[in-house]
Amino acid sequence: DWVADPLGTGRERLTPLVELLLREAVLIRGALLTSDDEARVCARICDAENYDILLRLGRAQRRGVVQALPLADLPLLLAQYQGVGGGDGSAGEAEADGPTRVARHLAQLSGWRAGAAQWEAALLPARLPDYQPAWLDAVLQEGELIWRGCGPGRLTFYYHDELDLLTALNSGISAGKGEGGQEAGKAGQKLTIQTDDDPLSRMGNPAARYPFASLVGDSPRDRVYDRIWQAVWEGGLVNDGFQAVRQGVANKFKWPAAGSPESVPGMGRLRSAHGRGRRSAYGRRPRQLTVPGNWYSPAPPPTSEDELAALEVDKERIRLLLGRYGLLFRTLLTRESEAFSWGRLFRALRLMELAGEVVGGHFIEGAPGPQFISRQLLRTLVHGLDGEVIFFLSAADPASVCGLGLDWEEALAPHRGLRPPARRPGTYLVYHGNRLVMISRRRGRRLTFSVNYDDKNIPKYIDVIDHILKYKINNGSAVVIEEINEEPAPASPYLEPLRARFEVDVAPNGVTVYR
C-alpha cells in the first residue's frame, strides 16, 4: 500500500507488475535485513542492483580496516594459528592435560593426510614439544576419534560425526602422492573381500572387532599381515588403537623374517646368563609376533541426494578448514583432498560471506585470487603477530608454505631469509618470526643457514637437530651431517655451536651428531 498510494494506483494493478519484475530478477523479495525473521516479518522488496550495493557496503563494514600482510608473514601466520612451537593461544591450553591437548590439535587437523610416521614424529611434536604417545592412545580409547588409511603409507584422523565431510576422500578419489613421491592410490568406502580364501573373509560380522590372532587361523602370518595393511591403505580396515601403526612404521609395514631381531623385540635379553640348558634354548626360541589392538571395518559415510543438504555439508567442510588455517585461498587448498577442493567449496564460501560468517577481502599480499578469513583470525591480524618467536616444522606440515607455488623472490628480499624448499617429509624448516633462518634436508644430512655461525640464536635454531635425533626411525640414534651451506661439514665453522650442544664425531666424509 505504501508504494501503491503515492503512485495513485491500486494494489490490483501494481501486484502483477511487481511479480513480473521479480521473475525477471529486477526486484528481489524476502527477509532482506539481518533483523528480519522470515516466519514473522512481511516479505520485503528491493531493487536487485541496490541490494547488491548494500551487501558490498555491509561486507566492507564487517571487514573493517585491516592492512594486508606481506607474503613473508604467511608462514608465521599459519604456524601461530595452528599452535606450532607449543601453545595454540587458546584459553586454558597451558592447564589442559596431554590427551586434551592432543584432541584439540587433531580436531584442527581432521581430514589432513600425512605419512603414518609423520603424525608422531613431526606433526604432533611440532605443536606439543612434550608430546607422549600415551596421550594419543588415551584419546583413541574414548572411541570418538579414529584413524584411517588414505593411500599407501598415509593416514588421516577424524571424528565419527565428520565422516560425511570426508566422503570424497573415501569414495575412490585419488589420495595424491605418498612419501617419496609414490602414488597414494585410492581410498575405498568399505572392506572388499578379494577371494574365498581371503584372510579378511573371517570378519563375518561387520559390527565386530577382530584381534590379529582370529584373522590368522591357519594362514601364513606374513600373508595376513600384508593383506591387513593393503585393506588399511584402501580405507576399508582400521584398528582401535595406534600401537599397530607404530609397530608397522618400525617394521616398514612388512612382516619380519623369522628369527630376525625385529620379530622378537628384546629377544637378546631373554638369553640365560649361563648360555646352556633348557632355559637357554627356550630363551633363543623366537616368540610369535602379534599385532596389537582389534581390527574392524568402519561404517560407510552417509549419503544424500538433496542439494541443500550437500550445500550444508560443504559449509561444514569450510568451517573445518577455517579451524585449520583461519584463512582460505585457492592455492592453499591444493594440498587438501578432493572433498576440500576450492572449486567444490567456492559457492558455499560466497554464501557464508553474504551471511557474515566469513569475511572476504585481501589479507595476504601475493596470494592470488579471492581470499576469505575467519573472524577469529581477523582479530589476530588486528593485534599483530609475534615477530620474535622461534619455531620449526616439517616441510610437509599443514602449516608449511612449501609447495604452494607462490612467488617468494620479491617477498623475501627485505627479510634476508631463505626461500621455502620443496615439500618433502624429511626436510625441516626453522623460523625466527617471519624469517626462514635454517633448513635441514634429508633428515639432517644437509644444513643451510641464513645467519652466521656465531649468531646468538644459533643454539635455539639447532633444536631441530635434537628433534630429528629424538624421532629417528629405523636409522640408528645419530645424524650424519654431510654439508653445511653447500660446503663439507667437517670444515664448517658451524661445528662450533654443534659441539657446544651435542656429542660430535668428525670424520673426513661427514660429522656424526649424537644426543
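Residues numbered from 1 in each chain as written. Predicted model: local features only at pLDDT ≥ 70, side-chain atom pairs only at ≥ 80, totals over all residues. Heavy atoms only, no water.

Q: Would you mind showing me how to read the overall build of the protein here?
A: Within the protein, the secondary structure is distributed over 18 helices and 20 strands. Among the 515 residues that make up the protein, the fraction classed as buried is 48%. By sequence separation, contacts in the protein at least 24 residues apart represent 63% of the contacts at least 6 residues apart. About 26000 Å² of surface is accessible on the protein, with carbon and sulfur atoms providing 50% of the total. (Helix = DSSP H or I, 4+ residues; strand = E, 2+ residues; numbered from the N terminus. Buried < 20%, exposed > 50% of the residue type's maximum accessible area, 1.4 Å probe, protein only. Contact = heavy atoms within 4.5 Å. Areas by Shrake-Rupley, 256 points an atom, 1.4 Å probe, with all protein chains shown as cover.)

Q: Would you explain the nonpolar core in this entry?
A: Side chains that are nonpolar tend, in soluble globular proteins, to be buried together. Membership of the largest hydrophobic core comes to 108 residues, with the highest contact counts inside it found for Leu-74, Trp-147, Phe-157 and Trp-295. The contacts of Leu-74, once residues within four sequence positions are left out, are Leu-327, Phe-329, Ile-364, Val-401 and Leu-406. Met-438, Tyr-461, Ile-484 and Phe-502 belong to the second-largest nonpolar core, a separate cluster that totals 26 residues. (Core = buried A, V, L, I, M, F, W, Y, C linked by side-chain atoms within 4.5 Å.)

Q: Before we go on, may I ask you to explain the confidence of the model for the protein in this structure?
A: Predicted coordinates in regions of low pLDDT should not be interpreted in detail. In the predicted model, the protein carries a mean pLDDT of 82, and 79% of its residues have values of at least 70. This stretch, residues 169–188, has a pLDDT under 50; its non-local contacts, to residues over four places away or in other chains, come to 62 contacts. With pLDDT under 50 throughout, residues 261–286 is counted as low confidence; its partners more than four residues away or in other chains account for 19 contacts. (pLDDT = per-residue confidence, 0-100.)

Q: Could you clarify how one ought to interpret the packing of aromatic side chains in this entry?
A: To describe a pair of aromatic rings, one takes the distance between the centres and the angle between the planes. What the rule picks out here adds up to 18 aromatic pairs. With 5.6 Å between their ring centres and 85 degrees between their planes, Trp-229 and Trp-295 make a pair best called edge-to-face. In this pair, Trp-229 sits in helix H9 (residues 221–233) while Trp-295 sits in strand E8 (residues 294–296), placing the two residues 66 residues apart along the sequence. A relative accessible area of 2% means that Trp-229 is categorised as buried. You can call Trp-295 buried: its relative accessible area is 0%. Three or more aromatic residues link up through ring pairs in this structure, and these residues are Trp-119, Trp-147, Phe-157, Phe-212, Tyr-225, Trp-229, Trp-233, Phe-242, Phe-253, Trp-255 and Trp-295. Residue placement shows Arg-209 over the ring face of Tyr-296; its charged tip is 3.9 Å from the ring centre. (Phe/Tyr/Trp six-rings, centres within 6.5 Å; stacked < 30°, edge-to-face > 60°. Lys NZ or Arg CZ within 6 Å of the ring centre and 35° of its normal.)

Q: What should I look at first to understand the environment of Asp-314 in this one?
A: Relative to the helices and strands, Asp-314 resides in helix H12 (residues 307–325). Distance from Asp-314 to Ala-348, taken between C-alpha atoms, is 6.4 Å for residues 34 residues apart in sequence. Discounting chain neighbours no more than four positions away, the residues touching Asp-314 are Arg-344, Leu-345 and Ala-348.

Q: Explain the sheet that holds strand E7 (residues 238–239) to me, please; I cannot follow it from the model alone.
A: Note: strands within a sheet are paired through backbone hydrogen bonds, in either parallel or antiparallel orientation. Reading across from one edge, E6-E8-E7 is the order of the 3 strands in this open sheet, with antiparallel pairing throughout. Both edges of this open sheet fall to strand E6 (210–211) and E7, since each of them pairs with a single strand only. Relative to E8, E7 runs antiparallel, the two being bridged by 2 bridges. Each bridged residue has a counterpart across the sheet, and for Val-238 the counterpart in E8 is Tyr-296. (Pairing = 2+ DSSP bridges.)

Q: Quick question: what am I supposed to make of the pattern of salt bridges here?
A: Side chains carrying opposite charge are able to pair once their charged atoms draw close together. Scanning the model with the defined rule gives 20 salt bridges in all. For Arg-29, the salt bridge goes to Glu-19, with nearest N and O atoms at 3.1 Å. Linking Arg-29 in strand E1 (residues 27–30) with Glu-19 in helix H2 (residues 11–23), this pair joins segments that are 10 residues apart in sequence. Among the ionic pairs, Asp-218 bridges to Arg-202, the shortest N-O distance being 3.4 Å. In this pair, Asp-218 is assigned in the loop between helix H8 (212–216) and H9 and Arg-202 in the loop between strand E5 (154–159) and E6, connecting sequence segments 16 residues apart. By relative accessible area, Asp-218 is classed as exposed at 73%. Look at Arg-202 and you get partly exposed, because its relative accessible area is 31%. (Salt bridge = Lys/Arg side-chain N within 4 Å of Asp/Glu carboxyl O.)

Q: It is not clear to me how helix H4 (residues 74–82) should be interpreted in this structure. Could you clarify?
A: Burial analysis of H4 places 8 of its 9 residues in the buried class, which makes it a mostly covered element. Among the residues of H4, Leu-74, Pro-75, Leu-76, Leu-77, Leu-78, Ala-79, Tyr-81 and Gln-82 are the ones counted as buried. Two residues or fewer after H4 comes Gly-83, characterised by a positive phi angle close to 75 degrees.

Q: What is the right way to read the sheet that holds strand E16 (residues 478–481) from this model?
A: Here we have 3 strands laid out as an open sheet, ordered E16-E20-E19, and antiparallel in their pairing. At either end of the open sheet lies a strand with only one pairing partner, and these are E16 and strand E19 (503–507). On average, adjacent strands in this sheet sit at an angle of 20 degrees to one another, irrespective of strand direction. The sheet contact formed by E16 and strand E20 (residues 510–514) spans 4 bridges and is antiparallel. Pairing of Ala-478 across the sheet is with Tyr-514, part of E20. (Axes fitted to C-alpha atoms, helices over the stretch in contact; angles between N-to-C directions.)

Q: What's the story with the pairing of strand E4 (residues 145–149) in this structure? I'm lost.
A: Side-chain direction in a regular strand flips from residue to residue, so the side chains alternate between the two faces of the sheet. In terms of residue burial, E4 counts as a mostly covered element, since 5 of its 5 residues are buried. Here E4 shows a buried face lined by Leu-145, Trp-147 and Gly-149 and a second buried face lined by Ile-146 and Arg-148. Where E4 lies against E5, 5 bridges are found, and the strand directions are antiparallel. The partner of Arg-148 across the bridge, within E5, is Thr-156.

Q: Any chance you could explain the side chain of Asn-239 here in plain terms?
A: Following the sequence through the fold, Asn-239 ends up in strand E7. The exposure class of Asn-239 is buried, given its relative accessible area of 3%. Among residues more than four places away in sequence, those in contact with Asn-239 are Trp-147, Ala-244, Pro-292, Gly-293, Asn-294, Trp-295 and Tyr-296.

Q: Would you take a moment to explain the side chain of Glu-162 for this structure?
A: For Glu-162, the location among the structural elements is in the loop between E5 and E6. Despite its burial, Glu-162 pairs with no opposite charge, the nearest such side chain being Arg-324 at 8.1 Å. The residues contacting Glu-162, other than those within four sequence positions of it, are Ser-110 and Leu-320. (Lys, Arg positive; Asp, Glu negative; His and termini not counted.)

Q: Explain the packing of H4 against helix H14 (residues 375–383) to me, please; I cannot follow it from the model alone.
A: Angle between the axes and distance between the axes are the two parameters that describe a pair of packed helices. The geometry of H4 relative to H14 is characterised by a closest axis approach of 12 Å and an angle of 120 degrees between their N-to-C directions. Judged on the interaxial angle alone, H14 and H4 are oblique. Seen from above, H4 lies across H14 with right-handed handedness. From H4, Leu-77, Gln-80 and Tyr-81 reach across to H14, where they touch Gln-376, Leu-377, Thr-380 and Leu-381. Tallied by class, the residues present in the contact of H4 with H14 amount to 4 nonpolar, 3 polar and no charged. (Parallel < 35°, antiparallel > 145°, perpendicular 65-115°, else oblique. Left-handed = near helix turned anticlockwise from the far one by under 90°. Nonpolar A, V, L, I, M, F, W, Y, C, P; charged D, E, K, R; others polar.)

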